[in-house]
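# Reading the structure
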Amino acid sequence: MLQRRTLLGICSVLWTAGIARAATLAPPTGKVLLTVRGKVSQTNSEDGARFDLAMLDALPQGRFEGETPWTKGKTVFTGPLGSAVLEAVGASGSVMRVAALNDYSADVPVADFRQHAVILATRHDGALMSVREQGPLWVIYPMDREPELRIESTYTRSVWQVSSIDIR
Ligand SMILES: Nc1nc2c(c(=O)[nH]1)N[C@H]1C(S)=C(S)[C@@H](COP(=O)(O)O)O[C@H]1N2
Ligand SMILES: [Mo]
């Protein structure tokens, strides 16, 4: 009897946890900016986890303030932390293929997002970025606080016009 109760207890806890998790990733209602596929435990479509701008804005945000090889003078980028996106989708795996609208893609170690405050920038100097302005999403490493990141491998991973992330 006690065993059965324990089992029931465990089942109900798991069930509740399942509901709580499912509720964390509601489907997007606006235009889909990002799709995260592959080794994820949280999805909201048959094609993985899709995010619209409101969903990205609701995640913990990061900020970059400084110079980049691609912009003039001091600029500010803001957007969800890569680590927060990974957490939202329940990511496992070790490498992400970050793909852009223009078919450019880069393999980015998952560890980069966990060890550095990399952001998926949604805004440049406070404004949303059009595709012509390298938007809608741009991988920005914290090169302002970590100057040692100003190396070619970081630049290669600084994908702009991001549309999807495949985690392997
Ligand atoms: N979407 C997209 N992002 C991209 C690229 C690209 O071609 N398309 N080039 C990458 C590479 S290889 C580098 S070194 C940097 C800088 O590219 P640039 O030197 O052409 O400005 O952007 C990276 N991000
Ligand atoms: Mo490059």
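Summary of the structure given here. (Residues numbered from 1 in each chain as written. Chains lettered and ligands numbered in written order. Predicted model: local features only at pLDDT ≥ 70, side-chain atom pairs only at ≥ 80, totals over all residues. Heavy atoms only, no water.)

## Let's talk about the side chain of Arg123
By the secondary structure assignment, Arg123 is in strand 8 (residues 123-124). A distance of 3.0 Å separates the side chain of Arg123 from the side chain of Asp57, its partner in a polar contact. Contact partners of Arg123, with chain neighbours within four places excluded, come to Leu53, Asp57, Val76, Phe77, Thr78, Leu128 and Met129. (Helix = DSSP H or I, 4+ residues; strand = E, 2+ residues; numbered from the N terminus. Polar contact = N/O pair within 3.5 Å; in protein donor to acceptor, adjacent residues only side chain to side chain. Contact = heavy atoms within 4.5 Å.)

## Focus: unusual backbone geometry
Of note, the bond from Gly135 into Pro136 is cis; its omega dihedral lies within 30 degrees of zero at 5°. For Pro136, the position within the fold is in the loop between strand 9 (127-128) and strand 10 (138-140). Of note, Gln134 is a non-glycine position whose phi angle comes to about 75°, a positive value. Phi at Gln161 takes a positive value of approximately 50°, unusual for a residue other than glycine. By relative accessible area, Gln161 is classed as buried at 11%. (Buried < 20%, exposed > 50% of the residue type's maximum accessible area, 1.4 Å probe, protein only.)

## Concerning the sheet that holds strand 3 (residues 61-66)
Consider a sheet: its strands pair through backbone hydrogen bonds, and that pairing is either parallel or antiparallel. Spatially, 3-4-8-9 is the arrangement adopted by the 4 strands of the open sheet, whose pairing is antiparallel. Each edge of the open sheet is held by one strand with a lone partner, namely strand 3 and strand 9. Sheet topology places strand 8 next to strand 9; 2 bridges connect them, and they run antiparallel. Across the sheet, the residue bridging to His124 is Ala127, located in strand 9. (Pairing = 2+ DSSP bridges.)

## Overview of the site of ligand 1
Taken together, Trp70, Ala100, Asn102, Tyr104, Glu152, Tyr155, Thr156, Ser158, Val159 and Trp160 make up the full set of residues adjacent to ligand 1. Between ligand 1 and Trp70, the relevant distance is 3.4 Å, taken from an oxygen atom to a side-chain nitrogen or oxygen of the residue. The contact in question runs from a nitrogen atom of ligand 1 to an N or O atom on the backbone of Ser158, over 3.1 Å. In the complex, the protein chains occlude 65% of the 520 Å² of accessible area that ligand 1 would expose alone. The greatest single-element share of the shell around ligand 1, amounting to 3 residues, is contributed by helix 5 (residues 152-157). (Near = heavy atom within 4 Å. Areas by Shrake-Rupley, 256 points an atom, 1.4 Å probe, with all protein chains shown as cover.)

## A look at the sheet that holds strand 11 (residues 162-167)
Across the sheet, 5 strands lie side by side as 2-1-11-5-6; this open sheet has mixed pairing. If you trace the sheet from one side to the other, it starts and ends with strand 2 (49-52) and strand 6 (105-109), each paired once. Geometrically, the sheet is characterised by an average inter-axis angle of 20° between neighbouring strands, direction not taken into account. Taken together, the 5 bridges between strand 5 (residues 95-100) and strand 6 define a ladder with antiparallel strand orientation. Following the sheet pairing, Arg97 is matched in strand 6 by Asp107. (Axes fitted to C-alpha atoms, helices over the stretch in contact; angles between N-to-C directions.)

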